[in-house]
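# Examining the three-dimensional arrangement
Below are the chains, spelled out letter by letter.
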Amino acid sequence: MGRFIYFVEAHLVWFVIVVAGVGLLFPATGIMLKFAIGPLLALLMLIISLTFDAHAVRIVFRKPSRQLLALGLVYGPMSIAGWLTGRLFFGSGPLAAGQTLLGTLPTDVSSPLLVLMAKGNVALAAVFNAVNTALCPFIVPFLFLWLTGLQLDVPLGSIILELTLIVLLPTVIGVSLRTRFSAFFARHDSAYAGIGSILYLLILLAVVGPNATTIIGYGWYAFVIAGAALCLNLIGYLVGMSSRLLTSDRKEVITYLFTVSKKEFSIAAAFVAASGLPSEIAIPAAFFAVIQMITSPIAAKILARH
């Protein structure tokens, strides 16, 4: 089993491509996992949180300026980039609005896993993730209204519940276990990235399967939507790399890179449904989910080698 875990981690990029293809060709495989996305993400957060203790978290909180920088990059340049790419690729209409919404979204829950694989600061990534998600119900509607003129209603109760069950609770449990039984969990440090990689693949399948019909249904235009998603994703990497102007710590730069470039796509559908807006506005987020889950392991592998 151990060899299989390490094999998946070492070849995650190829596994991602294969799993994405399976999800598109055989949607039923992913549809079966659709309702397991929440538990899978929570389990992923738990596994990642076992890699650092309370002392590492305290160190993160001693420099609040890093969190402020992360917030600025995630919600500032990326929101503008979402609006610009939306206008560039779609002109106006629901897809342009959806691309704008995508740019305003917080960090994706899986970002600490990629930071771990790329040998960045995982504790810092986990804190960035939690804070960005906690503030999104208050920031995203304001940015979306400013950029599009459309009112966005926030299902505050469900967002808080999701934050608690998927991000905060698993993180607290993981960090507590690592702090209390440090020697035991430290012995398995080499396996956490591999286990997280397997969970990552299951999440990818659960994302692609339910959206396969929609993606294929756009025909050739799906490549335009995917191109917009890839463009925003690449801009995210560039914006994240700009943190090098303010810090020379390589691990911190890697953390900013994935914090900024990855977007919590699932929130988009919840916001759109709660607001009574056209469902097509959530489409760019679905495409982006697939794109970011393909590019992120590639980026992590490149960074881990240097």
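It should be noted that the structure appears before, not after, this text.
Report follows, based on the coordinates. In this convention, every chain numbers its residues from 1, walking through the sequence in written order. Side-chain atom pairs in this predicted model are given and counted only at pLDDT of 80 or more, local residue features only at pLDDT of at least 70, and totals for whole chains, interfaces and linings cover all residues. Computation of side-chain values covers all heavy atoms of the structure but excludes hydrogens and water.

## Section: the overall build of the protein chain
Note on conventions: DSSP H or I runs of at least 4 residues are helices, E runs of at least 2 residues are strands, and numbering of each starts at the N terminus. If you tally the helices and strands in the protein chain, you get 17 helices and zero strands. Taken along the three principal axes of its C-alpha coordinates, the protein chain extends 55 × 45 × 40 Å. Partitioning the contacts of the protein chain with sequence separation of at least 6, the portion at a separation of at least 24 is 85%. Here the open area of atoms and residues is found with the Shrake-Rupley method and a 1.4 Å probe, where only the protein chains shown may cover a residue. Accessible area of the protein chain: about 13,300 Å², with a carbon and sulfur share of 73%. Positive charges are assigned to Lys and Arg, negative charges to Asp and Glu, while His and the chain termini are left out of the count. Throughout, a charge is located at the NZ atom of Lys, the CZ atom of Arg, the CG atom of Asp or the CD atom of Glu. Both charge centroids of the protein chain, one from 18 positive and one from 10 negative side chains, sit 9 Å from each other. A contact between two residues is defined here by any heavy atoms of the two lying within 4.5 Å.

## Thoughts on the packing of helix H2 (residues 12-25) against helix H17 (residues 283-305)
Fitted lines through C-alpha atoms give the axes, limited to the stretch in contact for helices. The angle between two N-to-C directions lies from 0 to 180 degrees. One can describe the packing of H2 onto H17 by two numbers: an axis separation of 9 Å at closest approach and a directional angle of 170°. It follows that H2 is roughly antiparallel to H17 by the angle criterion. Residues Leu12, Val13, Val16 and Ala20 of H2 pack against Met293, Ile294, Pro297, Ile298 and Lys301 of H17. Polar here means any residue other than Ala, Val, Leu, Ile, Met, Phe, Trp, Tyr, Cys and Pro, which are nonpolar, and Asp, Glu, Lys and Arg, which are charged; Gly is therefore polar. Here the residues of the contact of H2 with H17 sort into eight nonpolar, no polar and one charged. Put simply, angles under 35 degrees are roughly parallel, angles over 145 are roughly antiparallel, angles from 65 to 115 are roughly perpendicular, and the rest are oblique.

## Examining the environment of Val16
Considering the arrangement of structural elements, one finds Val16 in helix H2. We call a residue buried when its accessible area falls under 20% of the maximum for its residue type, exposed when it is over 50%, and partly exposed in between, using a 1.4 Å probe and counting protein chains only. Residue Val16 is classed as buried on the basis of its relative accessible area of 0%. Measuring from C-alpha to C-alpha, the distance between Val16 and Pro27 comes to 15 Å, with 11 residues separating the pair along the chain. When sequence neighbours within four positions are dropped, the list of residues in contact with Val16 reads Tyr200, Leu201, Leu204, Met293, Ile294 and Pro297.

## Digging into the nonpolar core
Nonpolar side chains in soluble globular proteins generally cluster together in the buried interior. If you look at the biggest cluster of nonpolar residues, it comprises 99 residues, and the most contacted ones within it are Leu101, Phe258, Phe271 and Phe287. When near neighbours in sequence (up to four residues on either side) are disregarded, Phe258 contacts Thr107, Ser111, Leu114, Val115, Ala118, Tyr237, Ser296, Ala299, Ala300 and Leu303. Nine residue types can take part in a nonpolar core, namely buried Ala, Val, Leu, Ile, Met, Phe, Trp, Tyr and Cys, and a core is a set of them joined through side-chain atoms within 4.5 Å.

## Topic: the packing of helix H14 (residues 221-241) against H17
Two numbers describe a pair of packed helices, the interaxial angle and the distance between the axes. Relative orientation of the contacting elements H14 and H17 amounts to 50°, with a least axis distance of 8 Å. Taken as axis vectors, H14 and H17 run oblique relative to one another. In the crossing of H14 with H17, the sense of the turn from one axis to the other is right-handed. Mapping the contact onto sequence places Ala222, Ile225, Ala226, Ala229, Leu230, Leu232, Asn233 and Tyr237 in H14 and Ile283, Pro284, Phe287, Phe288, Ile291, Gln292, Thr295, Ser296 and Ala299 in H17. In the contact of H14 with H17, the residues fall into 13 nonpolar, four polar and no charged. Each crossing is labelled by how the near helix is turned from the far one, with a counterclockwise turn of less than a right angle marking it left-handed and a clockwise turn marking it right-handed.

This is a description of form; function is not addressed.
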